[in-house]
2 protein chains.
Amino acid sequence: MAKRSGSSQVTIRDVAGLADVGVATVSRLPNGDPAVAAATREWVHAVMAELGDEPLRAARALLRRRTDALLVVLPLWTRCFSVQILCGIEEALLETNDAFILRTLERPADGSRTIASVRRDLVDGVLLASLVVRPLRLARLERERWSAVVADGDPAVPLSLIVVDHVEGARLAVTHVARSGHRRMAAIDRPGDPFADKQRSRRLLGDRQALQELGPERRAEYERVTPFRVEGGITGLHSLMQLPVPPTAIVVGRETHAGSVLRAVRQLGLDVPRDLAGVGYHESEIAELLGLTTVHCPRRAIGRQAAQLLLDSFSGRLAPNEVAVGWVTPNLMVRRSCGAQGTEPGAGSVGE
Amino acid sequence: MAKRSGSSQVTIRDVAGLADVGVATVSRLPNGDPAVAAATREWVHAVMAELGDEPLRAARALLRRRTDALLVVLPLWTRCFSVQILCGIEEALLETNDAFILRTLERPADGSRTIASVRRDLVDGVLLASLVVRPLRLARLERERWSAVVADGDPAVPLSLIVVDHVEGARLAVTHVARSGHRRMAAIDRPGDPFADKQRSRRLLGDRQALQELGPERRAEYERVTPFRVEGGITGLHSLMQLPVPPTAIVVGRETHAGSVLRAVRQLGLDVPRDLAGVGYHESEIAELLGLTTVHCPRRAIGRQAAQLLLDSFSGRLAPNEVAVGWVTPNLMVRRSCGAQGTEPGAGSVGE
DNA sequence: GGAAACTTCCGAAACGTTTTACTTGACGAA
DNA sequence: TTCGTCAAGTAAAACGTTTCGGAAGTTTCC
């Protein structure tokens, strides 16, 4: 059969020899070059399959100046949120046989250090997730000719983006609470890194817009920004309930934060949803466990679409300096925390 | 200064020319070849720094048959657990400038398909995390000459391993509960994929061993294996509390499962820790939120040590067919769910 | 003093692919 | 026939590195 040498590596020359064609003809195959007759193409394909040969990636990369890999920079302080984005990215890449190198960030400040640590020739481009891209970093990307896209990003950044419509998300939450019969809605959100702050302000924007449209005007004193840990939820709630006219519903900026608020509610001897209704952001095991109605981001879609955008820019479907923006809309996962219309806990799955 | 050509790529020949040495001498530098005088080394290094040159990875890989990257296969149904392992891996790799390609698994059955989808020449080896390595897969790894290590694995597998001492973990939990004055301890665990089942049986083993040593003999009817969702916790607890002599403490197989059990406890009008003490496994936001005492796995250390093992086998510090096994011991995060000695909720951070 | 051994470096030949420039043969049009 | 055009395929030159076989120069040992 094959007259391969002692090495286990089958080369393009072996294939060419066996198929009785030139090496160039073989090489043209995986690159989809049209200058090869259909019959020849098929014949050579068969020989390649027989020999179990696929072009060696390193040799290919050397000549094409392409690695078929991309860099993913992913924050971890958002925990499971990012992981779902990652899954989406992987999904998109699996279809095209590309790979990705991952760099996770544990603190917001790690961002620039991280990108700098990756050699430009290791990957074809970079996908930044849930990050603020500072002008300095942007300049660096520009200078070193990176192809870059941002997943779950700020629409003001001049890069290709997948944007989550947080304004609409907040609107969903408020509308839902209003439909459940509430008029006095408070908002508790959390301070955070610059990125989280951007998200928060967009949520608050949607929140206010929706309230205005619906009629029940929120008073300024119904808004709270309290730290993220358990005690933050407690102090936030206490200060709200001590108002002369306390709210009857609360929208909270994250599901774990909502968890701490619920805890505080119980401490006050109140019942959810009888005395107080609530909606949180983001979907998690906690939300399911607590029966909390939440606004859910399609994180997987974010990842998949962002990766697709980057692949498009590699393949030339996107001009080098063209930026594309895709929008993704959250949806509402209704549970018990706003009243009877929700499902019983445990009836639904966390899902994606 | 440099007389580089139009291309932006600085080659080894540019460096050699400018430094007035042969290309071989330059090439020896990053490979740590000792056959180059200290003075020369320094001088050439300076020139390389000046030109901003580093060897092109693809060209290097072509000749060395090394990619300086490894594959990480990581299950996602364990959610945040895996992510922490990933952080550890990244940490170890960052020091040596290696990269990794990630493949996540969403269902246990995806395992073999996933490894098969990665070309052998893309990476130098594979790190399998929290997985059962079936004989068939093992044979494949052997046949294709993969270097492989398993993080958080089953000690029976004939590969290099980092093993978590779950027996000791269970012992910690039981000992803690016993010290809090309890004698009648129940165990609720969950069924799962083959891997989780292995973990569970090791936990139960440690559990029984510790009980035997401590004196209070568990009766068989105190052990329950119930499904993972909310209703699983409820039925498990109910059937335990309806026993003629109900237990006074429960050890639960995972923190989210413990969450659903706690929920059931409240439904029965009981108080934790007054009427019933509890310990869960694994550390998470849920555990902190609920004030649940848990057994904590040092997941980061698992990842870091496993990566280190793989790097060792690349560098020859580990003989090709030598297997190394490292043990990692869990520790106890004491909170309120076993009595007064725990800290108040919110006082501690999730840590790790 | 000369051979042997060691140190330090050099030039050139790989590595397996892509790509460029060129050949060949077939087919019409002039 | 002669030329140009086109399709299909070929041979050879890259790509940037590592490494092999030497070759100087220096030291060591009889």
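Since this is a predicted model, take the numbers as computed values, not measurements.

What connects the two chain copies is a rotation about an axis and a shift along it. Relative to chain A, chain B is turned by 180° and slid 0.1 Å along the rotation axis, the superposed coordinates differing by an RMSD of 0.1 Å. When the rotation and shift are considered jointly, the pair of chain copies conforms to a two-fold rotation axis. When the interface residues of chain B are mapped onto chain A, 100% of them again fall at the interface, so both copies present the same face.

Right, let's get into the protein's contact with DNA strand D. Every one of the 29 residues lining DNA strand D counts as a neighbour, but Gly22(A), Thr40(A), Arg65(A), Ile12(B) and Ser27(B) are closest to it. Sugar plus phosphate: this is where 58% of the atoms of DNA strand D within 4 Å of the protein reside. With respect to DNA strand D, the side chain of Thr25(A) contributes an N or O atom lying 2.9 Å from a phosphate oxygen. Contacts to DNA strand D include Leu56(B), whose backbone N or O atom sits 3.2 Å from a phosphate oxygen. Elements with a contribution of two residues or more to the surface near DNA strand D: helix H2 (23–28) and helix H4 (57–64) of chain A together with helix H1 (12–19), helix H2 (23–28) and helix H4 (57–64) of chain B. No other element matches the five residues that H4(B) contributes to the surface near DNA strand D. Residues of the surface near DNA strand D, tallied by class, amount to 14 nonpolar, seven polar and eight charged.

Below, the discussion takes up the packing of aromatic side chains. Applying the stated criterion to the full structure yields zero aromatic pairs over all chains. Stacked on the ring of Trp146(A), the Lys or Arg Arg120(A) has its end atom at 4.7 Å from the ring centre. We note Arg203(B) situated over the ring of Tyr281(B); from NZ or CZ to the ring centre the distance is 4.7 Å.

Let us now look at the confidence of the model for chain A. Residue and element names in this part refer to chain A. Of the residues in chain A, 91% reach a pLDDT of 70 or more, and the chain-wide mean stands at 84. Averaged pLDDT values over the elements of chain A bottom out at 76 in helix H6 (residues 111–116) and peak at 96 in strand E11 (residues 325–328). Counting interchain partners and residues more than four positions distant, the pLDDT-below-50 stretch residues 1–7 has five contacts. Across residues 342–352, where pLDDT falls below 50, the model places 28 contacts with residues more than four positions away in sequence or in other chains.

The next subject is the pattern of salt bridges. Going through the model one piece at a time under the given rule, you end up with 37 salt bridges over all chains. Note that Asp68(A) and Arg60(A) form a salt bridge whose closest N and O atoms lie 3.9 Å from each other. When its relative accessible area of 16% is taken as the criterion, Asp68(A) is described as buried. On the basis of relative accessible area, Arg60(A) is assigned to the partly exposed category, the value being 23%. Ionic pairing is found between Arg208(B) and Glu223(B), a salt bridge with its closest N-O pair at 2.9 Å. Highlighted residues: Arg208(B) in helix H9 (residues 194–214) and Glu223(B) in strand E7 (residues 223–225), separated in sequence by 15 residues. In the salt-bridge network here, residues are joined through shared partners; they are Arg60(A), Arg64(A), Arg66(A) and Asp68(A).

Calculation rules
Residues numbered from 1 in each chain as written. Chains lettered and ligands numbered in written order. Predicted model: local features only at pLDDT ≥ 70, side-chain atom pairs only at ≥ 80, totals over all residues. Heavy atoms only, no water. Least-squares fit on C-alpha atoms with pLDDT ≥ 70 in both. Contact = heavy atoms within 4.5 Å. Near = heavy atom within 4 Å. Polar contact = N/O pair within 3.5 Å; in protein donor to acceptor, adjacent residues only side chain to side chain. Helix = DSSP H or I, 4+ residues; strand = E, 2+ residues; numbered from the N terminus. Nonpolar A, V, L, I, M, F, W, Y, C, P; charged D, E, K, R; others polar. Phe/Tyr/Trp six-rings, centres within 6.5 Å; stacked < 30°, edge-to-face > 60°. Lys NZ or Arg CZ within 6 Å of the ring centre and 35° of its normal. pLDDT = per-residue confidence, 0-100. Salt bridge = Lys/Arg side-chain N within 4 Å of Asp/Glu carboxyl O. Buried < 20%, exposed > 50% of the residue type's maximum accessible area, 1.4 Å probe, protein only.

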